[in-house]
Amino acid sequence: MKIDQKDINNAAWAACDTFRGVVDPAQYKDYILVMLFVKYISDVWKDHYEVYRKQYGDDDIRIRRKLERERFVLPFAELKNHETGEVEDRFLADFYSLYERRGAANIGELINIVLDAIEEANKAKLEGVFRNIDFNSEANLGKTKDRNRRLKTLLEDFNKSQLDMSPSRVSEDVIGNTYIYLIERFATDAGKKAGEFYTPHKVSELVAKLAKPKPGNRICDPTCGSAGLLIEAAREVGDKNFALFGMESNGSTWALARMNMFLHGADSARIEWCDTLVSPALVENDRLMKFDRVVANPPFSLDKWGAEEAESDRYNRFWRGVPPKSKGDWAFISHMIEAALEKEGRISVVVPHGVLFRGAAEGRIREKVIEENLLDAVIGLPGNLFPTTSIPVAILVFDRSREKGGANQDRKDVIFIDASRDYLPGKNQNALSDEHIQKIVETVDTRLDIDKYAHVATLEEIRENDFNLNIPRYVDTFEEEAEIDIDAVQVEIEQLEKELVEVRARMAVMLKEIER
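First, a word on scope: everything that follows refers to the structure included in this document.

Calculation criteria
- All chains use their own residue numbering, which begins from 1 and follows the written sequence.
- Given that the model is predicted, a residue must reach a pLDDT of at least 70 before its local features are reported, and side-chain atom pairs must reach 80 or more before they are shown or counted; all residues, however, enter totals for whole chains, interfaces and linings.
- The side-chain figures draw on all heavy atoms in the structure; neither hydrogens nor water molecules are used.
- Numbering of helices and strands starts at the N terminus; helices are DSSP runs of H or I of at least 4 residues and strands are runs of E of at least 2.
- Any residue under 20% of the maximum accessible area for its type is buried, any over 50% is exposed, and the rest in between are partly exposed; the area is computed with a 1.4 Å probe on protein chains only.
- Throughout, a contact is declared for two residues whenever any of their heavy atoms are within 4.5 Å.
- Accessible surface area values rest on a Shrake-Rupley calculation with a 1.4 Å probe, where residue burial reflects the displayed protein chains alone.
- Using a 1 Å grid laid over the protein atoms alone, points where a 1.4 Å probe fits but cannot get out form a cavity; open sets with protein on both sides within 12 Å along at least 5 of 7 lines form a pocket; any residue with an atom within 4 Å of a point counts as lining.
- Grid points are joined across faces, edges and corners, and a volume is the space filled by probe spheres set on the points.
- Throughout, the ten residues Ala, Val, Leu, Ile, Met, Phe, Trp, Tyr, Cys and Pro are labelled nonpolar, Asp, Glu, Lys and Arg are labelled charged, and all others, Gly among them, are labelled polar.
- Here the axes come from fitting lines to C-alpha atoms, over the contacting stretch only for helices, and the angles between their N-to-C directions go from 0 to 180 degrees.
- The labels follow the angle: roughly parallel below 35 degrees, roughly antiparallel above 145, roughly perpendicular from 65 to 115, and oblique for the rest.
- Crossing handedness: left-handed means the near helix sits turned counterclockwise from the far one by under a right angle, and right-handed means the same turn made clockwise.

**A word on the overall build of the chain**
Helix and strand content of the chain: 19 helices and 13 strands. Projected onto its principal axes, the C-alpha coordinates of the chain cover approximately 95 × 90 × 45 Å. Within the chain, the fraction of its 516 residues that count as buried is 52%. Considering only contacts within the chain whose residues lie at least 6 apart along the sequence, 71% involve residues at least 24 apart. Total accessible area on the chain stands at roughly 25,100 Å², and carbon and sulfur atoms take up 48% of it.

What follows is the structure, encoded as structure tokens:
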């Protein structure tokens, strides 16, 4: 029987009840998502084992030889005596072995052993993915008795039929969607702590569409978080002909991004754990790697981003100027422009509005980028789209095909869009609809003025505004109040007074009828 997306989402979210209220959502998400991944590779293994068993009977050696060609190999794990080193238990390093041992007093240790064995047997793909997770941690999961009870419940929850992720029952897309769904729910629960791992799905979709990735493209997100934006950019390509690259500075979030890639079938994606601004790892021959598309939702106005080292940056990314040390926004933008292919690359980035108008060093960098004819679009979005901040944000699109010698070298204008009033209001958070996204993307493509929504500004106009990109300077959204018809208001007042007299008369009659 096939599993419905909704059922698997609900079952996975219900599994979180074990931790909810006891462990911080920003922390327990790692345990849940790791368990989802282990369950997934265990189910695929089990499913394929059955297929081979029907083919080769009970010839375990022959079956395992076949299974060694799987995407993920599940080895045998060993529990050794801490003092003597003797092997006390040997079992397949998969979810089901753990489920059988769910009542063990050392279940946290057993899960860690299984994760180590899986990582060791799949080093090329999984090296380091489980290094930040400890299922035996008293600090995170409580004292032994509480910890064992929680882990037992967790294993029982993941053993439910709705979470049977065998390939014969559920497609890879569904599992990938569940992973994204959980990350979204965790982000809502984690509130301000969600910033480092999450960009709302619809914002990611819009950023990806504005980047316009094509088949054959190399796509990079230099601050990839859990890699949701990269997944969206890959979807926009329309086929599997793309290469994905990412960088992420938080170790736990980097591990989430790697697993996200595997669950979406993007095994060859290269996701590096590094500080993009200080020591980028996506380099080749001591130069920054270049990409066709660069997308990002970098941390807003990052303090202490590494300005001190930027002057002597070995990749010369900050030649237009060094942004202030307390605001890293233009540092990320500078990196993205330098990482895009000359005369071809396109960049789409989420920024706080201050990026559009702040002066000093930021103003000087902005002026240079505009004079180089790199800026293509400025889009203002509604407020409260993120769980982490209620401030409205903007998206900037830069296009290196506008450089001299590029396909769009003759395009000298910049389109400004004020989409701040188009949103679906929510209780805690607003959202963009498909129609809102489509309207923005079509307006960027057609490059026409739309009253109170979009304006195509010339370079002269931007110069006259002293390179200030504040959207109200270009898109006038002022609504004049309708004229008041005094005569009509007078007629309405007279009519209301007449009705009032009639009502009072009727009330007087009714009051007389009431016995006192």
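**A few points about empty space enclosed by the protein**
Enumeration according to the criterion identifies two cavities of 30 Å³ or more in this entry. If you trace the largest cavity, you find it lined by Asp30, Val34, Val129, Asn132, Ile133, Ser252, Ala255, Leu256 and Met259. Sorting elements by how many residues they give to the lining of the largest cavity places helix 12 (residues 251-263) first, with four residues. For the lining of the largest cavity, the per-class residue count stands at six nonpolar, two polar and one charged. Here the second largest cavity defines a volume of roughly 30 Å³. Around the second largest cavity sit Ile370, Asn373, Leu375, Arg402, Lys412, Val414 and Leu459, which together line it. For the lining of the second largest cavity, the per-class residue count stands at four nonpolar, one polar and two charged.

**Quick notes on the packing of helix 2 (residues 25-56) against helix 12**
Running from N to C, helix 2 and helix 12 point in directions that differ by 30 degrees, and their axes come no closer than 11 Å. Taken together, the axes of helix 2 and helix 12 are roughly parallel relative to one another. Between helix 2 and helix 12 the crossing geometry is left-handed. When helix 2 is examined against helix 12, the residues Lys29, Asp30, Leu33, Val34, Leu36, Phe37 and Tyr40 are found in contact with a partner set consisting of Ser252, Leu256, Met259, Phe262 and Leu263. The class makeup of the residues in the contact of helix 2 with helix 12 is nine nonpolar, one polar and two charged.

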